Amino acid sequence: MAQRSSPSEDLIEFWLDKAVEWGQATTFTSQQDVCLHLQKLRTFLQQLCQKLQTMNTTVAMRTFPLVGQLFGRLCWNPYVIADEESQRTLLQCLWCLYSAEPQNTVELKANDWLWNLLCHLISEEDKSAASTSLQTLSCIPEELHSNLVKDMVSSLVTELAGICHNGIHMPARPLSDRLHSLSVLCLPLVTHPEAAPLIGTLLLCPEFGHNGALSAEFLEAVGKAVLEKKLVLDEPEVMSLWLRCLPSLEKATLHLIDSLVSNESLLPQDMEHLMMDSLLPKASAYHAPIFLTVKDIFRQMLLESSENTPVQSIIRLFTRCFVQSLLLEDMQERLPLKVFFPHHPQSLVMALLKLPSEVPSHVWEEHLKWISWTLRNVVEVEELTGSCQRLFENWFLLVQCGDWVDVAAQHLTASDSETSGALLWLLAFYHHPNNESQQRSESLAVARGVCDHLKSLFASAPPTAAHLETLLSLAATDSQQCRTPHLIDQLAVNFVVFSEGGNAVAKEVVRAMMHWSSRKVVSALKAGIEHRLNRYGLMDFKAHSRLKIMQEVLQEQ
């Protein structure tokens, strides 16, 4: 029946007929029908409540003579009052009818009836709660923890555990229909703590058919409740939800990205805690489809934006947490890397996915040279064939494993010319994957010039004004031509922290950076290095001292 803009006697008669038909929802058919009509019933009750607020009891009973029967039946229907919003609206409707100062016999009798009904709604066992509510004329409980809901949930969980998990035989089609019907019944209960065991059990039941057994509306409602922290589920239940409902997984991923990007004050360690608490890395390690879906979301965000440094940092963080979760899995149950990275040479994937802490520091340089050489060969072949998509995929792999890019920038401060060429190429490709071969050669030449000048600058004590002017000129020219600004920033910060020069040089270079970069960029680079060194136990006295100098200069700005 179409919902009208305001309540009428016809509508009250319609809902009374439904309430009579439902009874006390003792049959499965009546329970399912209640849940299917609950949203429209809630809307009707809210409209009726607004109307009753403008009337006294006598006028209300004369205008809507069937309203008492309707409320009486609805208040004794456990599936109606189990819904928090419907229950609250019913309480408000009853309160509108209650007369604080009854003027006639009708209102006196109505008050007695309303008293008993309110006592039932508020608490069947604690009449004092109802008494206090009526005496204060203001305190109406917002939530009713119905024993009927608890009993219903317990009974259904036992039934489902027997059918889905204990091997009790039931044909697939009837079981699928049963699960679908129960998921519809749970729609109004998704934010009720008492219903969490039933919702979790439904999510862990096996799927049947292409579309699955559970209602799509139920899955989306559960996903929303979990995201808004109105429903708490165990980890396997959340993972099952994401596997069954792609929109829920997508919303969880986008919510995490938004939380990390929008809060600029988060430190790297805080971001890592948020990432792990989201459960996405762990779920991705257990279930390759979840990993591939999250990766697709990241891929699309990078494709839509030519310059998205914060998202690149989040992708790197996600992959690092994913690898940690993968390493914690039981060796016999761990999925092969090919499942997660099906389109890349597995030797390259394995080398990039190794955390720096897993590789002895004295072989980092050789490890980086091999990565750069292998990736460069793959990229150059794809540039010759004009395969832009595969070029992007190889860059995307490097973005996911960006910790090695940071290590490469660190090693450039002390590397020889042969090694520095491989490391500079790796950094140039990371910061500018779309450069044509000639453009990349020009970018590399600029980056090498800056790198060589920084080495010269840190070798002089104290730094001369001419040295600093040359550095500013190189960086300014590069920024104007938009070649490698982020690479220049990364090189300068790494020389400040790791080079062998004096602290005075380091301080002047940081001050010079403020002329071509921004405090925000330099602070982010500093925080990233500090977190990496602390995380892998690599912080030494010199690096700690240089980071402190950087912080002092940044505070001057």
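Computed from a prediction, not measured in an experiment: that's the story for all the values here. Counting restarts for each chain, with residues numbered from 1 along the sequence as it is written. At least 70 in pLDDT is required for a residue's local features to be given in this predicted model, at least 80 for side-chain atom pairs to be given and counted, and no such filter applies to totals for whole chains, interfaces and linings, which use all residues. Each side-chain value is worked out from all heavy atoms of the structure, with water and hydrogens disregarded.

Draft legend 1. Quick look at the overall build of the protein chain. Put simply, DSSP marks the helices as runs of H or I at least four residues long and the strands as runs of E at least two long, and each gets a number from the N terminus on. Across its full length, the protein chain holds 30 helices and zero strands. In this scheme, a residue with accessible area under 20% of its type's maximum is buried, one over 50% is exposed, and one in between is partly exposed, where area comes from a 1.4 Å probe on protein chains only. Looking at the protein chain residue by residue over its 557 residues, the buried ones come to 51%. Considering only intrachain contacts with a sequence separation of at least 6, the fraction spanning at least 24 residues in the protein chain is 72%. Accessible surface is estimated by sampling points in the Shrake-Rupley manner with a 1.4 Å probe; for residues, cover comes only from the protein chains shown. Counting every atom, the protein chain has about 26400 Å² of accessible surface; 54% of that belongs to carbon and sulfur. For this analysis, residues touch if any pair of their heavy atoms sits within 4.5 Å.

Draft legend 2. Structural view of the packing of helix α21 (residues 364–385) against helix α24 (residues 417–431). Axis geometry follows a simple rule: fit a line to the C-alpha atoms, using only the stretch in contact for helices, then measure angles between N-to-C directions, giving values from 0 to 180 degrees. α24 packs onto α21 with a crossing angle of 55 degrees between their chain directions and a minimal axis gap of 9 Å. Put simply, α21 runs oblique to α24. Crossing of α21 against α24: the hand is left-handed. Facing E365, L368, K369, I371, S372, L375, R376 and V379 of α21, the residues of α24 in contact are E418, T419, A422, L423, W425, L426 and F429. Across the contact of α21 with α24, the residue classes break down as nine nonpolar, two polar and four charged. Comment on the angle field: the value is read as roughly parallel under 35 degrees, roughly antiparallel over 145, roughly perpendicular from 65 to 115, and oblique elsewhere. Handedness of a crossing is defined here by the sense of rotation of the near helix relative to the far one, left-handed for an anticlockwise turn of less than a right angle and right-handed for a clockwise turn. As a working rule, the residues Ala, Val, Leu, Ile, Met, Phe, Trp, Tyr, Cys and Pro are called nonpolar, Asp, Glu, Lys and Arg charged, and the rest polar, with Gly in that last group.

Draft legend 3. Representation of the nonpolar core within the structure. By convention a nonpolar core is built from buried Ala, Val, Leu, Ile, Met, Phe, Trp, Tyr and Cys residues, the set being connected through side-chain atoms within 4.5 Å. Formed by 168 residues in total, the largest nonpolar core has its most connected members in F71, F218 and W242. Not counting chain neighbours up to four residues away, the residues in contact with F218 comprise S183, C186, L187, V190, I199, L202 and L203.

Draft legend 4. Expanded view of the confidence of the model for the protein chain. Taken over all residues, the pLDDT of the protein chain has a mean of 82, while the share at 70 or more is 85%. Per-residue confidence from the predictor is reported as pLDDT, which spans 0 to 100. For the protein chain, the element scoring lowest by mean pLDDT is helix α8 (residues 127–136), at 42; helix α13 (residues 235–244) scores highest, at 95. Between residues 124–146, whose pLDDT stays under 50, and residues either more than four places distant or in other chains, the model counts 37 contacts.

Draft legend 5. Layout of the pattern of salt bridges. Just to be clear on terms, a salt bridge is a Lys or Arg side-chain nitrogen sitting within 4 Å of an Asp or Glu carboxyl oxygen. Applying the stated criterion across every chain, the model contains 17 salt bridges. With its nearest N and O atoms 2.9 Å apart, the salt bridge here joins K18 to D33. With K18 in helix α1 (residues 9–22) and D33 in helix α2 (residues 28–52), this residue pair connects regions lying 15 residues apart in the sequence. Measuring nitrogen to oxygen at the nearest pair gives 3.1 Å for the salt bridge that ties E380 to R376. Pair noted here: E380 and R376 are both in helix α21, with a separation of four residues, about one helical turn.

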